[in-house]
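Fold and contact review
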Amino acid sequence: MSAAVRPMANLRSASGIPTGRLGVWWVIASEIVIFGGLLASYIMHRLGHPEFGDYAAHTNTWLGGFNTFVLLTSSLSAVLAHHEAQRKNGQKAFVYLWYTIGGGATFIVVKAFEWTAEIQAGYTITANAFWGFYYTAAGLHALHVIAGMVCLAFVSFDARKNEELHRVELIGNYWHFVDIVWIFLFPLLYIAK
Amino acid sequence: MSKYLLSTDHKIICFQYMLTGMAMGLIGAFMAYVFRMQLAWPGSDVPFWGQVSPAEYNALVTNHGTIMIFWVAMPVLIAAFGNLCIPLMLGADDMVFPRINRLSFQVFFLSAVVLIASFLVEGGGFGGAWTAYPPLSAKAHYNLTPLGSTLWVIAVGLEFVAFLLGGINFVTTAMNARAPGLRMFDMPMVVWMIVIASILFMASVGPLIAGAVMLVFDQTVGTGFYDPATGGDPVLWQHLFWFFGHPEVYVVLLPAVGISLDIIPTFSRKKLFGYKTILYTAIATGVLSFFVWAHHQFVSGIDPRMANIFTVTTVLISVPLAEMTFAVIASLYGGKIQLTTPMLWALSFWAEFIIGGITGIFLGASGADIYFHDNYFVLAHFHYTFYPIAIIGTFAGFTYWFPKMFGRMMNEALGKIHFWVSITCYNAIFFPLFFLGLAGQHRRIYSYEHFPELALPEYQAIREFATTALIIMLLAQGVFFFNWVWSMFKGKPAGKNPWKANTLEWTTESPPGHGNWRHGEFPNCYRGPYEYSPEGREDDYWPQNEPPEGHEERVKPAAAPA
Ligand code: HEM
Ligand SMILES: [Cu+2]
């Protein structure tokens, strides 16, 4: 059955670009339009509803900013992991990948505190359209963070055995994408008051 | 058994998609039968169903449309034919991500189960039309199907995920797994069209996925994204839906076009006219299809100046399609035409699709659409586009590749009987509906008895005529299934290349074994796919893998298989 798992087709590269990298780029492209549609809907609503600014004033810019910093740092360690993977240094890549996972975990924990505080203050998802978008967009993003962490973990265990090292780059690219989505969400949901 | 269910072989996954899609097609057709019976003989018991209640009618119409587009046209045309054709036509042994390929089918199958389940839950299936406009779709106290409508959205969402996964494979495989020497412009049309369709799908479906998440939240947690009372906007859904929905027509259209464009040169023994031009127009159609969506919203209160712009883009999009039609005619002109069953289907595809295209121009004109909107003229129009795509396109491809899939020929006489009865009945069902539309008959109405001006006996006669034609057409499908099963066991052995075609799938065994080609026999490619009747050659075809005498300069040495 091993032949079925890795077909010869997988080893060809007619375009000159590694197949895995192409695949990840297509995943990212299809995710961009999902977030693109959501954010476009939000921006249309935001333009039509000046009162969104007042609601946004209740979001915690400091925690949001801290989380931005955390995510950016975790992206940096993903880059460092890639760097080590290129030198066939799987163990070190493993460590850096776990720094990245740690960044993701910190991000989620901070979010949890933030949301608890907001919900206790009565700003629930049904409060109005702003909070609806806030929880939906940030929630969808958080799901991507969690999915990314799971994939990072899988890749890291292979990397520690010095196997499938090219995947370190691929998951890194995905993580940068998740990071960039947050770079859009943060100003739109926290700062645009 | 588990070898079949858990296989990553693209041919097995093709069959899984094909069988699931055809089974769903039978369910969708059965629904059409039930509600057409209700329309022809309102209030009487429908055999195999019984009384049709208004709520059931709505649920049947909604799920008929949903099933036909998402669970028949997409899985059969894109996923099944994509899985069959792409690796074989590229000279590869499989997709580049076989396990993602299998996962895509599993998610797709799950989505079909969820959709069927939505029918069986309390309150019944969702009845708010396949477009699912809120607030009807968003609030249970309007649609009265709290669970059914949520399961419906979830099923559609899962289906989207399945096709995103599948599309990654199709596009990446076509980019990277081509045989040595096979350039992008040597790929057969059907491969190209499935690739373009997958990219269109990826680019258009995202916003609707986001919209579907919001819709589920409106239904379940009580948000108000589409509810003006809480600062939401119901028209937002229409934009998100049709930004996807219109390109979706081209997502399913292009693979069917590709199938017919591969069949027509084979049976007219002529080069396909304007290969690159057709490709560029297909891409242009794809791009344009993103700029027409508001023609579905001419009656949603949009600014008339905006409506003018969308009228222009809508009419423009018929230009590339007309151009493709002319390319087909040019490919037939002066050819040695063989009217085999696949060729009949491929030709009728264009004949019928033209009717859909021309009536679409009427609807694109915003002024005229105010009258036509949501009446049977629209219904006849889009069935004249969708039926050729989903049904005729499928039969064309299935009968053409049957020898490759099963190693035996189908019976031509039975094939032709099936073709002529089906195509005649199909026109008998839908052509009269244009007149009902002109007479003002609305869509999605359970019984016209409540409308004295539409209950006239002459209109009722048209409804009975259409329904009778539908019953004959459904019965005729028995001929097809009989032919399929009989030919699978008793048909004439097909050999490698029964149609004397050029493309690479015909250079291996029928059916292809594990890995498609024997090791060391993977084909190289030396020319384009449509070299029929080339000058100075004895044979009237020139397979892509046949080296030209003397020089092999186009082929780089094959990558050593690991
Ligand atoms: C088997 C032959 C078919 C028949 C007799 C048929 C008939 C009908 C009829 C009469 C309606 C409208 C019912 C109403 O508005 O009350 C309808 C709706 C629809 N059909 Fe078909 N149809 C067939 C095949 C197809 C195919 C192959 C497709 C697409 C691939 C399709 C897509 C749709 C869609 C999208 C709707 C609109 C559903 C809605 O309003 O929500 N149909 N069909
Ligand atoms: Cu449209």
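You'll find the structure just up there.
Attention here is on the structure that accompanies the text. (Residues numbered from 1 in each chain as written. Chains lettered and ligands numbered in written order. Predicted model: local features only at pLDDT ≥ 70, side-chain atom pairs only at ≥ 80, totals over all residues. Heavy atoms only, no water.)

Let's shift gears to the overall build of chain A. Within chain A one finds 7 helices and 0 strands. Tracing chain A from N to C terminus, the helices and strands come up as α-α-α-α-α-α-α. Referenced to the eigenvectors of the C-alpha coordinate spread, the extents of chain A come out at roughly 60 × 30 × 25 Å. The buried share of chain A, taken over its 193 residues, is 50%. Restricting to contacts in chain A with at least 6 residues of sequence separation, those with at least 24 account for 78%. For chain A, the exposed area adds up to about 8,900 Å²; of that, 70% sits on carbon and sulfur atoms. Seen as two clouds, the 12 positive and the 11 negative side-chain charges of chain A have centres 11 Å apart. (Helix = DSSP H or I, 4+ residues; strand = E, 2+ residues; numbered from the N terminus. Buried < 20%, exposed > 50% of the residue type's maximum accessible area, 1.4 Å probe, protein only. Contact = heavy atoms within 4.5 Å. Areas by Shrake-Rupley, 256 points an atom, 1.4 Å probe, with all protein chains shown as cover. Lys, Arg positive; Asp, Glu negative; His and termini not counted. Charge placed at Lys NZ, Arg CZ, Asp CG, Glu CD.)

Residues and elements named next belong to chain B. Around the iron atom of ligand 1, the protein contributes the donor atoms H64 (NE2) and H383 (NE2), which lie 2.0 Å from the metal centre. Because the angles between the 6 donor atoms bound to the iron atom of ligand 1 fall within 88 to 179°, the donor set is best described as octahedral. Of this pair, H64 sits in helix α3 (residues 54-90) while H383 sits in helix α14 (residues 376-406), and the two are 319 residues apart along the sequence. Here H64 matches H383 in class, with each residue buried. (Donors = N, O, S within 2.8 Å, 3.2 Å for Na, K, Ca; no water. Tetrahedral: all angles 85-135°; square planar, octahedral: opposite > 155°, others 65-115°.)

Another point: the site of ligand 1. All names here are of chain B. What surrounds ligand 1 is a group of 24 residues, the closest being Y57, H64, W130, H383 and R444. The contact in question runs from a nitrogen atom of ligand 1 to an N or O atom on the side chain of H64, over 2.8 Å. W130 places a main-chain nitrogen or oxygen 2.7 Å from an oxygen atom of ligand 1. Of all the secondary-structure elements, those providing two or more residues to the shell around ligand 1 are α2 (10-40), α3, α14 and α16 (457-490). A total of 7 residues in the shell around ligand 1 trace back to one element, the largest contributor, which is α14. (Near = heavy atom within 4 Å. Polar contact = N/O pair within 3.5 Å; in protein donor to acceptor, adjacent residues only side chain to side chain.)

To continue, consider the interface of chain B and chain A. Between chain B and chain A, the residue contacts involve 45 residues of the former and 36 residues of the latter. Where chain B abuts chain A, roughly 3,300 Å² becomes buried across the two surfaces, and 72% of that area is made up of carbon and sulfur atoms. Our enumeration of links across chain B and chain A arrives at 0 salt bridges. Our count for the contact surface shared by chain B and chain A stands at 12 residue pairs in polar contact (both at pLDDT 80 or more). Counting residues per element, the ones that place at least two in the side of chain B that touches chain A are α4 (98-120), α6 (146-176), α7 (189-220) and α8 (234-268) of chain B. Considering each element in turn, the side of chain B that touches chain A owes the most residues, 10 residues, to α7(B). (Buried area = accessible area lost by both parts, 1.4 Å probe. Salt bridge = Lys/Arg side-chain N within 4 Å of Asp/Glu carboxyl O.)

Turning our eyes to something else, we now look at the coordination of the copper ion (ligand 2). Residue and element names in this part refer to chain B. Every protein donor of the copper ion (ligand 2) is listed here as H246 (ND1), H295 (NE2) and H296 (NE2), and their distances to the metal cover 1.6 to 2.0 Å. Between the donor residues of the copper ion (ligand 2), the gaps in sequence give the motif H-x48-H-H. Residue classification places H295 among the buried residues on the basis of a relative accessible area of 12%.

This part covers the nonpolar core. B:W71, B:F81, B:F398 and B:W401 are the most contacted members of the largest nonpolar core, which totals 238 residues. Setting aside residues up to four positions removed in sequence, B:F81 forms contacts with B:M18, B:V76, B:I86, B:I194, B:I259, B:T394, B:G397, B:F398 and B:W401. (Core = buried A, V, L, I, M, F, W, Y, C linked by side-chain atoms within 4.5 Å.)

For the rest of this paragraph, the subject is unusual backbone geometry. B:P135 follows B:P134 through a cis peptide bond whose omega is 5°. You can see B:P135 is positioned in the loop between α4 and α5 (140-143). Cis geometry is found at the peptide bond from B:S510 to B:P511, where omega equals -10°. In the Ramachandran plot, A:N162 falls in the positive-phi region, its phi being about 60° despite a non-glycine side chain. Along the chain, the position of A:N162 falls in the loop between α6 (129-160) and α7 (166-191). Positive phi, close to 45°, is recorded for B:S533, a residue that is not glycine. Here B:S533 is to be found in the segment after α16. Among the residues examined, B:S533 registers a relative accessible area of 34% and is labelled partly exposed.

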